[in-house]
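# Overview (structure and organization)
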Amino acid sequence: MKAKFPISNFQFQHSHASLPLDSSLIGWLAEDMLVRDPEERDLSRIAVVFPGRRPALYLRRELGRLIGGPFHPPQIFDIDSFMAYMAGKSPGGSDRREAGQVELLHLVYTTARGLGADGEHLSLPAMASGFEGFFFWGLKFLDLFDEFGTELVPPALIKQAVPAALADAGITEEARGLWPILPGLYSKWLDTLAGNSLWSRGEKYRIAAEHIDGLEWPFSQIYLAGFAALNQAEEKVFSALTRLGIARVVVQDGPSPWRTSDAKWKHLERLRYVCHGTWDFKNTRPLATDPHRPTQTDQSTNQPINQLTNFFFHQGFDLHSQIQMAEDVFARDLKSQGGLAPDQEAVVLPRPEPLIPVLSRLFEDTAVPYNISMGYPLERTALAQLLDSTFEAQEGRVDGKYYAPHYLAVLRHPYIKNIQLHSPLTSNHQITKFLATPNQPINQSTIPSLRSVVHFLEVWLVREKRSFVRLEELEKAIAHLDEEDFPASQFLSHVHQMCFMAFEKLKKVGELATVLKRLLEWTVEYGTATGYPLTGEFMTAMVGLLEELEAGPVAEETASVPGLHSLFGHLVRQTRIPFQGIPLEGFQILGFLETRCLNFQRVMIFDVNEGVLPPETRPDPILPPDLRRHLGLPDKKQAVEISRYHFQRLLAGAEEVHLFFSEDKGQVKSRFIEELIWEAEKQAGRRGVIPIHSPVMVPRPRIPSAFPVKKTPQIMIFFSSFTFSATALDTYLSCPFRFYAKYILGLDVPDTIDRDEIDPLLVGNLVHNILREFYLPWLNKVIQFEADCDNDLVTKSDMALEGIFGPRAEWSGGVRLFREVLLYRLKNFLRLEREHAQGHLLMGLEVPCKMDFNLEESGRKVRIKGVLDRVEKDKKGLVWVIDYKTGSKIKLPGATVTSKISDREAIKQEIVSFQLPMYLLLCDQHYGLGSGWPGMNAALYGLRGLADSSNLNALQTILFKQDDSRDGIVEGIYVPALKTIIEEILDPETPFAHDPSDFGYCRTCPYSRRLCKVG
Ligand code: SF4
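Residues numbered from 1 in each chain as written. Predicted model: local features only at pLDDT ≥ 70, side-chain atom pairs only at ≥ 80, totals over all residues. Heavy atoms only, no water.

## Some remarks on the sheet that holds strand E7 (residues 247-253)
- In space, the 6 strands of this open sheet follow the order E3-E2-E6-E7-E1-E8, with parallel pairing throughout. Among the strands making up the open sheet, the edge pair consists of strand E3 (75-78) and strand E8 (279-281). Between one strand and the next, the sheet's axes are offset by a mean angle of 20°, whatever the strand orientation.
- Pairing analysis gives 4 bridges linking strand E2 (residues 46-50) to strand E6 (residues 221-225), with the strands arranged parallel. By the bridge assignment for E6, valine 48 is matched with tyrosine 223.
- The strands touched by helix H2 (residues 55-67) within the sheet are E2 and E3, with E2 carrying the most contacts at an inclination of about 140°.
- In the packing of helix H3 (residues 79-89) onto the sheet, the strands contacted are E2, E3 and E6, and the crossing angle to E3 comes to about 105°. (Pairing = 2+ DSSP bridges. Helix = DSSP H or I, 4+ residues; strand = E, 2+ residues; numbered from the N terminus. Axes fitted to C-alpha atoms, helices over the stretch in contact; angles between N-to-C directions. Contact = heavy atoms within 4.5 Å.)

Following this line, the structure appears as structure tokens:
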């Protein structure tokens, strides 16, 4: 069959168009379609093919603007749908149907299995372990076969290329991997698809290219617009359509201020070469009618880069600092952003991970409309993380017992911990009562969800020192909280059923999918999952994937739990949630490829880093470079040049550009930025001509939710029974609001058994326990280290580790590694102690002390307390208070007798930490020393970082120096400072204010996200 319209009747006899790089492709196309008859309302016989989907929306909008009334739009395709359209019209194509990824994966598996069985071909080593061992390779084969299809690689060529590539690469018979199987498998694959009447993407391209010459066309004209580079199948289609005279090709090319003028885009040269017909090189854009677009061509292409005033580089140290800098740019014109045209503002995300932080930081608190157009990885969603944790819990199960950190990770997931309880108020009250500490909080928040049960279990597991636990034990532990209207254990048992037990006996892929689907439905029905942004889209994508796994022959495949986890993980990793970005208005948030063919007045691109833009190319385990070359497939390096083209085209068309990148922890700016800087310096003849902006770390202004908390009469009553510890006072010094949240609201973060296994708090407790047990034999005696005390330390350490992590046989790799590091530090500690503490009198170990402390104000007294890790008297009779530190921060007062301690700010600067000053007071009172402060000193012993080469100075940080006036400092500074700060806390007129001055402190603050929002 030939074309439906005789070629002589085509109105489409123009040459192809090469527009300037900075022109508006959409504007040009719309005008060109209407150039002969501006009144034309029926454009339905025109077809337009773009590389992607998004330009179709812009073209329809632009035509509507020019026509100014109703019209029949042209048929607009992206290249994939155009190939599918042609393939569907090809002989044998009309009866094929689209297959999903899972269906194709299983089909390639059965094809490979059949290949081994017919004895004609070698069998795949990966087949030995069934579907479980194969699917990873199956996914790779599917990608590869798609590339064979789009690049028109025939099976015969593969057969020839494999031996030649093997010989070239010098690869031996044993190491040849999967290469020899490729020709047979690909051949069979094509037969299988045809036999099952299915399409894959590659097959559509191959068939479309093969049958293009015989097709009928219902179109009078076809614009092939905005392509940068073509694969083999596309080349064949472009060549045939231009030979027929039905197609007009439109590209964007030419000089850019970002590139040396003589450099050519090689892929565009190639594209022109394969097209029949002549080319018209346009120098200016015909866009005078577009009110939104002042012409850029003359200005930008002739101007040196360093003189382009609307071009900005922003260097951060991570994504968050990039977003922080973007907030300033973004906020500038925010008030005037009503009714944004879709070609005004673009936020471009070359990798999708920053989408959620960008939305929450830039858009959440504004009324600015936005529109997302990109594929977001399903793997990044909270849903995927929940299912991942569920699998991990199953994989860590030993003899029916769950590993506590895995178990808690599932329960702590926001979708689970917010599952609603029947009678939350009663239950929380009960649980709060059970958990209350001596400093009973007066205002526990009541949260109507599983949260409080999770909190109870966290504390219970830590108290019981359980690293492995049975579900029934947990249900029993919580049973005493049961009430008629709150059956806590029954509720927990239901949670256990849904999140754990349902997964215990899974054998088949289909069973897994059903159980996962039920879990998701349950979180939707009883939880708060639907309240999270974009959950609808995420849930639809996940359920779609599970339904594919539940249906068809794949459901019957068996696999182990790790196998199911791995299969599911790979599929989730490959799945992108398509945000289509409709309606077309407001800020455009786009993936990098979604910017193709489009122009924007202001462009902000994040993550312009090497490895992101251009993306890094990973070694291909199936198709290494040698074999690619023999098959005539494009070198992956060409992808860099194509990315460069899209980048420069986007920049050239914009009036204002902001490029954000990170330079820290191995991240470097993209070569594309380096090239721009190099070009600018070359043009200017000197270095440093491009200014690079960095983030300015200033505390954010106070927001309404940060009003200080006034002291109510209830709070004042609470203080009447409060005992001040050094930690509480240090918290107040750093931030009064944090003190309020922790000690008055009682919103303390419980000791945790963390997912990372070794929690810093746990390390601290562990080291304290080991050292207490180690020194215990010398209590009230003189310390005399024996020759074998190293062994004793190892024994004590192992006992303490078993107490926390259970029997040695159950330790994970992380715990074993931690033991090695711990012993290394402790042995170095002991080496230094032998030289220093030998002969000291050990007066106390972990001594709990309390005392009354008199304030200035009307003889009022308060209680202060502390636990002294170690107290000893050295050979000169000096009493030492020693405190062990396992963290990196050593905080020591720097005050001298002349220090100013008038208020909290001054005390914070000078005293830094009340710990050692308070311990001196407590020690003096506890032991009734009465010998005066010159007879005492205090020291912090830092165990972190101790190495073979460390000396005593690395271990000890001593409070008083030789010449310090100890009486003057203790009586003249420490005691008055302590009084001042406690009096401020007790002053009803001084509210609990936020203090966000220390960025690092706020970053680790548990209240920073929800309660505070200031830091
Ligand atoms: S985030 Fe900072 S300002 Fe806010 S409570 Fe915590 S420490 Fe205070």
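Next, the rest of the story.
## Describing the site of the ligand
- Of all residues adjacent to the ligand, which total 11 residues, the nearest are Cys735, Phe737, Cys1002, Cys1005 and Cys1012.
- Contributions of two or more residues to the shell around the ligand are made by helix H29 (736-744), helix H37 (999-1003) and helix H38 (1008-1012).
- Looking at the shell around the ligand residue by residue, the classes come out as 7 nonpolar, 2 polar and 2 charged. (Near = heavy atom within 4 Å. Nonpolar A, V, L, I, M, F, W, Y, C, P; charged D, E, K, R; others polar.)

## Considerations on the pairing of E7
- Within E7, 7 of the 7 residues are buried, which leaves the element mostly enclosed by the surrounding structure.
- Covered by surrounding structure in E7 are Ala247, Val249, Val251 and Asp253 together with Arg248, Val250 and Gln252, the residues of both alternating faces.
- When strand E1 (residues 16-20) meets E7, the two strands line up parallel, connected through 4 bridges. Its bridge partner lying in E7, leucine 19 is registered against glutamine 252.
- Across 4 bridges, the pairing between E6 and E7 is parallel. Within the sheet, the bridge partner assigned to alanine 225 lies in E7 and is valine 250.
- Between the parallel pair E6 and E7, the chain is carried across by helix H9 (residues 232-244), and the sense of this crossover is right-handed. (Buried < 20%, exposed > 50% of the residue type's maximum accessible area, 1.4 Å probe, protein only. Right-handed = clockwise from strand over helix to strand, strands pointing away.)

## Description of the packing of aromatic side chains
- Tallied over the full model, the rule gives 50 aromatic pairs.
- The interplanar angle of 85° and the centroid separation of 5.1 Å between the aromatic rings of phenylalanine 227 and phenylalanine 238 together place this pair among those described as edge-to-face. Of this pair, phenylalanine 227 sits in the loop between E6 and H9 while phenylalanine 238 is found in helix H9, placing the two residues 11 residues apart along the sequence.
- For phenylalanine 238, a relative accessible area of 1% gives the class buried.
- Counting every residue linked through ring pairs, the aromatic cluster contains Phe718, Phe719, Phe722, Phe724, Tyr732, Phe737, Phe739, Tyr740, Tyr743 and Phe992.
- For arginine 272, the ring lying beneath its charged end belongs to tryptophan 279, and the centroid distance is 5.6 Å. (Phe/Tyr/Trp six-rings, centres within 6.5 Å; stacked < 30°, edge-to-face > 60°. Lys NZ or Arg CZ within 6 Å of the ring centre and 35° of its normal.)

## Details of the pairing of E2
- Taken across its 5 residues, E2 has 5 buried, putting it largely inside the fold.
- Here E2 shows no split at all, with Ile46, Val48 and Phe50 on one side and Ala47 and Val49 on the other all buried.
- Here E2 runs beside E3; their pairing, made up of 4 bridges, is parallel. Bridged to phenylalanine 50 within E3 is aspartate 78.

## A word on the sheet that holds strand E10 (residues 345-349)
- Taken in spatial order, the 8 strands make up an open sheet running E14-E11-E15-E10-E16-E17-E9-E18, and their pairing is mixed. Looking along the sheet, the strands with just one partner apiece sit at the ends: strand E14 (576-579) and strand E18 (692-693).
- Strand direction decides the pairing type here: strand E11 (residues 370-377) and E14, joined by 4 bridges, are antiparallel. Residue pairing in the sheet places tyrosine 376 in a bridge with isoleucine 577 of E14.
- Packing against the sheet, helix H26 (residues 671-684) makes contact with strand E9 (311-316), strand E17 (656-662) and E18, and its axis sits at approximately 130° to E9.

## So, the side chain of lysine 204
- With respect to the element layout, lysine 204 can be found in helix H8 (residues 201-211).
- The buried category is assigned to lysine 204, whose relative accessible area is 11%.
- Of the polar contacts made by the side chain of lysine 204, one reaches the side chain of glutamate 98; its length is 2.7 Å.
- Beyond its immediate stretch of four places on either side in the chain, lysine 204 contacts Met83, Ala84, Ala87, Glu98 and Trp199. (Polar contact = N/O pair within 3.5 Å; in protein donor to acceptor, adjacent residues only side chain to side chain.)

## Regarding the side chain of serine 643
- Note on placement: serine 643 falls in helix H25 (residues 638-652).
- Classification of serine 643 by relative accessible area gives buried; the value is 11%.
- Residue contacts for serine 643: discarding those within four places in its chain leaves Phe592, Pro614, Pro615 and Phe672.

## Examining the pattern of salt bridges
- Tallied over the entire structure, the rule returns 43 salt bridges.
- Between arginine 351 and aspartate 607 there is a salt bridge; the shortest N-O distance is 2.8 Å. Of this pair, arginine 351 sits in the loop between E10 and helix H13 (355-363) while aspartate 607 sits in the loop between strand E16 (602-605) and helix H24 (625-631), and the two are 256 residues apart along the sequence.
- On the basis of relative accessibility, which here comes to 27%, the residue arginine 351 falls in the partly exposed class. (Salt bridge = Lys/Arg side-chain N within 4 Å of Asp/Glu carboxyl O.)

## Description of the packing of helix H14 (residues 382-395) against helix H20 (residues 488-504)
- It is at 10 Å that the axes of H14 and H20 come closest, and there the two elements cross at 50°. Accordingly, the angle class assigned to the pair H14 and H20 is oblique. Read as a crossing pair, H14 and H20 show a hand that is right-handed. Across the interface between the two elements, Thr390, Ala393 and Gln394 of H14 pack against Cys499, Phe500, Phe503 and Glu504 of H20.
- Of the residues in the contact of H14 with H20, the class split is 4 nonpolar, 2 polar and 1 charged. (Parallel < 35°, antiparallel > 145°, perpendicular 65-115°, else oblique. Left-handed = near helix turned anticlockwise from the far one by under 90°.)

## Here's the deal with the nonpolar core
- Counting residues in each nonpolar core, the largest one holds 123 residues, and the members touching the most others are Phe145, Phe148, Tyr407, Met542 and Phe568.
- Residue contributions to this core peak at 9 residues, all from helix H5 (residues 130-150).
- In this view, phenylalanine 568 contacts Leu387, Phe391, Leu516, Met542, Leu545, Leu546 and Leu549; residues no more than four positions away in its chain are not counted.
- Val709, Phe722, Phe724 and Ala726 belong to the second largest nonpolar core, which has 62 residues in total. (Core = buried A, V, L, I, M, F, W, Y, C linked by side-chain atoms within 4.5 Å.)

## Observations concerning the environment of glycine 803
- Considering the arrangement of structural elements, one finds glycine 803 in helix H31 (residues 789-805).
- Separated by 339 residues in sequence, glycine 803 and glutamate 464 have C-alpha atoms that sit 9.5 Å apart.

## Thoughts on helix H34 (residues 915-927)
- Taking 1.5 Å of rise per residue, the 13 residues of H34 would be expected to cover 18 Å, and the 18 Å separating its terminal C-alpha atoms lies within 8% of that figure.
- Within H34, 10 of the 13 residues are buried, which leaves it mostly tucked inside the rest of the structure.
- Those residues of H34 that sit buried are Gln915, Leu916, Pro917, Met918, Tyr919, Leu920, Leu921, Leu922, Cys923 and Asp924.
- Of the residues one or two after H34, glycine 928 is the one with positive phi, at around 55°. (Expected span 1.5 Å × (residues − 1).)

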